[in-house]
Amino acid sequence: MKKKIIFGLIGLAVIFLFPIIDNNTYHLYLLNRALIHAILATGLVFLTGFAGQISLGQAGFYAIGAYSSAYFSTRLGLPIFLGIIIGIGISVLAGFLLSIPSFKLKAFFLSLVTIAFGQIINMLVVNLQPITGGPYGFFGIPFYHVGDYMLSFENVFWLLGVILLFTLYIMYKIKHSHYGRAMLAMNSDDVATETCGISTKKLKIAAFGFSAGLAGLAGALYAHLAGFLSPEPFTFFESSNFVAMAVVGGLRDMLGGVVGGIGLTLLPEFLRFGGWENYYLMVTSIIVIVIIIFMPKGLAPLLGNMFKKIFRVKSSNTKTL
Amino acid sequence: MDILKTKNMTKSFGGVVANKDLSLTIEEGKITAFIGPNGSGKTTFINVVTGVHPITSGEIFFQDKEISKYESNQISRLGIARTFQKIRLFDNLSVIENVLVARKSFYKSGPISVVFNTKKFREEERQNKEKALELLDLVGLKDKAYESPKGMAYGLRRCLEIARALALEPKLLFLDEPAAGMTRDEFKVIMDLMLVLRERGITTVLVEHTMDFIKAVADWVYVLNFGEIIAKGPFDEIEKDPVVLKAYLGEE
Ligand SMILES: Nc1ncnc2c1ncn2[C@@H]1O[C@H](COP(=O)(O)OP(=O)(O)OP(=O)(O)O)[C@@H](O)[C@H]1O
Ligand SMILES: [Mg+2]
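So, a few notes on the structure that sits alongside this text. Just so you know, these numbers come straight off a predicted model, no measurement behind them.

**Description of the overall build of chain B**
- Scanning chain B from terminus to terminus reveals 10 helices and 10 strands.
- Taken over the C-alpha trace, chain B has a radius of gyration of 19 Å; the compact-globule value for 252 residues is 18 Å, and the two agree within 12%.
- C-alpha extents for chain B along the principal axes are approximately 70 × 40 × 35 Å.
- Within chain B, contacts between residues at least 6 apart in sequence are counted, and of these 67% link residues at least 24 apart.
- Just so you have it, chain B exposes about 11,600 Å², and 51% of that area is on carbon and sulfur atoms.

As structure tokens, this is what we get:
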């Protein structure tokens, strides 16, 4: 047990030292995007892997978080911190709303409704020009700063890392409580869950709200990182990309969203600079398909097992010594 | 004292009237059995009372409170628990977790207490785990508490489903064919358990095809045929009733 903690701490230290080892600005920007995607995909793991619900409209919440925080901090001059909180709040409310169709609908029909939701938000982003800037974009969003001190990309990386860890901690605690057990029960059988005295409606509202809140948080974090918003990252294509992250990482694994979010953000870039510049998107898609078919549980459980094996070899070695 | 009362309770599925104008009472503290040929509406009766299927018309009263329009989860929290004819366990959870799911409504800690892992929450978790282990002990599953129910023998899965129902601390318990597909020994375990529950004051409604079982435990029997009650009374009387014999044996 103690060894595990030490191992974890060393792992964290290496990750946190990374920006100092490699301080290429573009690399750091990508890593920051990867962490943001990890936060969002973690929300999807919660919604789909734990609670058994589907959302193919996650880019809608991502947009709500991004534009809300941009609007409140840029146009109304609120501190970034407050802008992000408001962005999360509005996303959560929208998540509550999107949970209503899930009371009656499942699987295929539910995914259609969530796709429609994403499309509606995208149309709003395009058409609500006075607020969003429409297709021309939203400019001048303040970058992360504390008073007069501008954060560097390294600082932002650490900030996002801490937010991600905090997210995972919350999810871990919820999973191992009466709430988490109820979510997993609902995932397995909602009639039986109801006869255990649990309102599946309330659970669905909470699950959609939680995952929407994380998507909104991710969107707001992205807005202040990019400094500029346009409708393109908030399309159905992005929504399905987010689902792919959660699935490739592992829907049932605590760390599925982290592995998938980071993996699928960095993979295309590796391919692009690895000599596949013409085909990198296609190759990424093929890799996603291969993983989904041959590793339906995702990469995170695999990495977890590998880690355990290495760890076990080490500990048995020390025993023989 | 009647713990449950129905008035003209009717349930139809499209053209099929599965329960027709049922007006009946379940006496508190007793074991009441429902028998009847396949498709006579026994499971439907349980489904409607527990809110799994919405009622078509009529009224249901639990301890004199009308519950006809309640959601399934509300009915369960009032103290009406059940098992299913086709066992429904949470195979993605361990044995003890299955029981703990039904303890959810006994927790007072909110999400904030959970995230901050407060003393109150840890204490609640400890108490409910203890309660769950107690119930698993009662049905003989304590040593399997941390295993998955997935590959377990049929009889054990049935016992787990009963333990989960009991975790609601029910006043009224519905068991839909608990002995179906069980071996003689497993069957005996369930029968003894029912008598223990009666001693503890839990009212049980039992749907069964095994007549030996009914004869041994039931205080009162309702006989259903095509969704209607065709006979009622203690088993010895029902056993000889020509109407019942006809329903079971056909026209002869
Ligand atoms: N969900 C449903 N949808 C449509 N028809 C149903 C449904 N549930 C039950 N029925 C019909 O209602 C009637 C009563 O069925 P029910 O399952 O209550 O009978 P049962 O007495 O429990 O029979 P068995 O002894 O075989 O379990 C049957 O004709 C059945 O086909
Ligand atoms: Mg039945």
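**Describing the pairing of strand S8 (residues 203-207) of chain B**
Residues and elements named next belong to chain B.
- Within S8, five of the five residues are buried, which leaves it mostly tucked inside the rest of the structure.
- Judged by which residues are buried, S8 turns out to be covered on both faces: Thr203, Val205 and Val207 on one side and Thr204 and Leu206 on the other are all buried.
- Two strands pair when backbone bridges link them, and strand S3 (residues 31-35) and S8 are joined in this way by four bridges, in the parallel orientation. Paired with Ile31 across the bridge in S8 is Thr204.
- Once you follow strand S7 (residues 172-176) into helix H7 (residues 184-199) and on to S8, the crossover reads as right-handed.

**Quick look at the packing of helix H2 (residues 25-50) of chain A against helix H10 (residues 200-226) of chain A**
Residue and element names in this part refer to chain A.
- Two elements in contact, H2 and H10, have axes whose closest approach is 7 Å; the angle formed by their N-to-C orientations is 170°. Classified by the angle between their axes, H2 and H10 sit roughly antiparallel to one another. Facing H2, whose interface residues are Tyr29, Asn32, Arg33, Ile36, Ile39, Leu40, Thr42, Gly43, Phe46 and Leu47, H10 presents Ala207, Phe208, Phe210, Ser211, Leu214, Ala215, Leu217, Ala218, Leu221, Tyr222, Leu225 and Ala226.
- Here the residues of the contact of H2 with H10 sort into 17 nonpolar, four polar and one charged.

**Things to note about the site of ligand 1**
All names here are of chain B.
- Taken together, 14 residues surround ligand 1, and among them Gly39, Lys42, Thr43, Thr44 and Gln85 come closest.
- Contact between ligand 1 and Thr44: an oxygen atom at 2.5 Å from a side-chain N or O atom of the residue.
- Measuring from an oxygen atom of ligand 1, one finds a side-chain N or O atom of Gln85 at 2.8 Å.
- If ligand 1 stood free it would expose 640 Å²; the protein chains cover 64% of that surface.
- For the shell around ligand 1, the secondary structure elements donating two or more residues are strand S2 (16-27) and helix H1 (42-49).

**A short note on the sheet that holds strand S6 (residues 80-82) of chain B**
Residue and element names in this part refer to chain B.
- Strand order in the open sheet made by the six strands is S6-S7-S8-S3-S9-S10, with mixed pairing throughout. Of all strands in the sheet, those with a lone pairing partner are S6 and strand S10 (228-233), marking the two edges. Looking at each pair of strands side by side, their axes are set apart by 20° on average, direction ignored.
- Seen against the sheet, H1 touches S3, S6, S7, S8 and strand S9 (220-225) and runs at an angle of roughly 145° to S7.

**Quick notes on the coordination of the magnesium ion (ligand 2)**
- At this site the magnesium ion (ligand 2) is bound by Thr43 of chain B (OG1) and Gln85 of chain B (OE1), with donor distances of 1.9 to 2.1 Å. Highlighted residues: Thr43 of chain B in helix H1 and Gln85 of chain B in the loop between S6 and helix H3 (95-101), separated in sequence by 42 residues.

**Overview of the layout of surface pockets**
- Roughly 1,700 Å³ of internal volume is contained in the largest pocket.
- The set of elements that each furnish at least two residues to the lining of the largest pocket consists of helix H1 (2-21), H2, helix H7 (153-175), helix H12 (256-273) and helix H14 (299-320) of chain A.
- With 10 residues, the top contributor of residues to the lining of the largest pocket is H1 of chain A.
- Taken together, the residues of the lining of the largest pocket break down into 27 nonpolar, five polar and three charged.
- Here the second largest pocket is characterised by a volume of approximately 1,200 Å³.
- As for the second largest pocket, its lining consists of 42 residues, and the residues nearest its centre are Val92, Ile170 and Phe210 of chain A together with Ile112 and Val115 of chain B.
- Broken down by secondary-structure element, the contributors of at least two residues to the lining of the second largest pocket are helix H4 (80-99), strand S1 (145-146), H7, helix H8 (178-188) and H10 of chain A together with helix H4 (111-115) of chain B.
- Sort the elements by how many residues they give to the lining of the second largest pocket and H10 of chain A lands first, with 10 residues.

**Observations regarding empty space enclosed by the protein**
- Under the definition given, this model contains one cavity of 30 Å³ or more.
- By volume, the largest cavity amounts to about 50 Å³.
- Surrounding the largest cavity, Thr195 and Cys196 of chain A together with Ala81, Arg82, Phe84, Ala102, Glu161, Arg164, Ala165 and Leu168 of chain B form its lining.
- When residues of the lining of the largest cavity are traced back to their parent elements, those giving at least two are S6 and helix H6 (154-166) of chain B.
- By residue number, the principal contributor to the lining of the largest cavity is H6 of chain B, which donates three residues.
- Residue classes in the lining of the largest cavity are distributed as six nonpolar, one polar and three charged.

**Here we look at the sheet that holds strand S4 (residues 57-62) of chain B**
Residue and element names in this part refer to chain B.
- Taken in spatial order, the four strands line up as S2-S1-S4-S5 in an open sheet, and their pairing is antiparallel. Only two strands of the sheet have a single neighbouring strand rather than two, namely S2 and strand S5 (65-66).
- The sheet contact formed by strand S1 (residues 2-13) and S2 spans eight bridges and is antiparallel. Bridged to Met9 within S2 is Leu22.

**Re a nonpolar patch on the surface**
- Taken together, Trp276, Tyr279, Met282, Ile286, Ile289, Val290, Ile293 and Phe294 of chain A make up a surface patch of nonpolar side chains, about 880 Å² in accessible area.
- For Met282 of chain A, the position within the fold is in helix H13 (residues 280-294).

**A look at the packing of helix H11 (residues 236-249) of chain A against H13 of chain A**
Residue and element names in this part refer to chain A.
- Running from N to C, H11 and H13 cross one another at 45°; their axes reach a closest spacing of 9 Å. The pairing of H11 with H13 is recorded here as oblique in orientation. Crossing geometry of H11 relative to H13 is assigned as left-handed. The segment H11 lies against H13, with Ala244, Val247 and Val248 engaging Val288, Ile291 and Ile292.
- Classifying every residue of the contact of H11 with H13 by side-chain character gives six nonpolar, no polar and no charged.

Reading the values: rules and limits
Residues numbered from 1 in each chain as written. Chains lettered and ligands numbered in written order. Predicted model: local features only at pLDDT ≥ 70, side-chain atom pairs only at ≥ 80, totals over all residues. Heavy atoms only, no water. Helix = DSSP H or I, 4+ residues; strand = E, 2+ residues; numbered from the N terminus. Rg over C-alpha atoms; globule rule 2.2 N^0.38 Å. Contact = heavy atoms within 4.5 Å. Areas by Shrake-Rupley, 256 points an atom, 1.4 Å probe, with all protein chains shown as cover. Buried < 20%, exposed > 50% of the residue type's maximum accessible area, 1.4 Å probe, protein only. Pairing = 2+ DSSP bridges. Right-handed = clockwise from strand over helix to strand, strands pointing away. Axes fitted to C-alpha atoms, helices over the stretch in contact; angles between N-to-C directions. Parallel < 35°, antiparallel > 145°, perpendicular 65-115°, else oblique. Nonpolar A, V, L, I, M, F, W, Y, C, P; charged D, E, K, R; others polar. Near = heavy atom within 4 Å. Polar contact = N/O pair within 3.5 Å; in protein donor to acceptor, adjacent residues only side chain to side chain. Donors = N, O, S within 2.8 Å, 3.2 Å for Na, K, Ca; no water. 1 Å grid on protein atoms, 1.4 Å probe; cavity = no way out; pocket = protein on both sides within 12 Å on 5 of 7 lines; lining within 4 Å. Points joined across faces, edges and corners; volume = space filled by probe spheres on them. Patch = residues over 30% accessible without salt bridge, like charges linked within 9 Å, V, L, I, M, F, W, Y side chains within 5 Å. Salt bridge = Lys/Arg side-chain N within 4 Å of Asp/Glu carboxyl O. Left-handed = near helix turned anticlockwise from the far one by under 90°.

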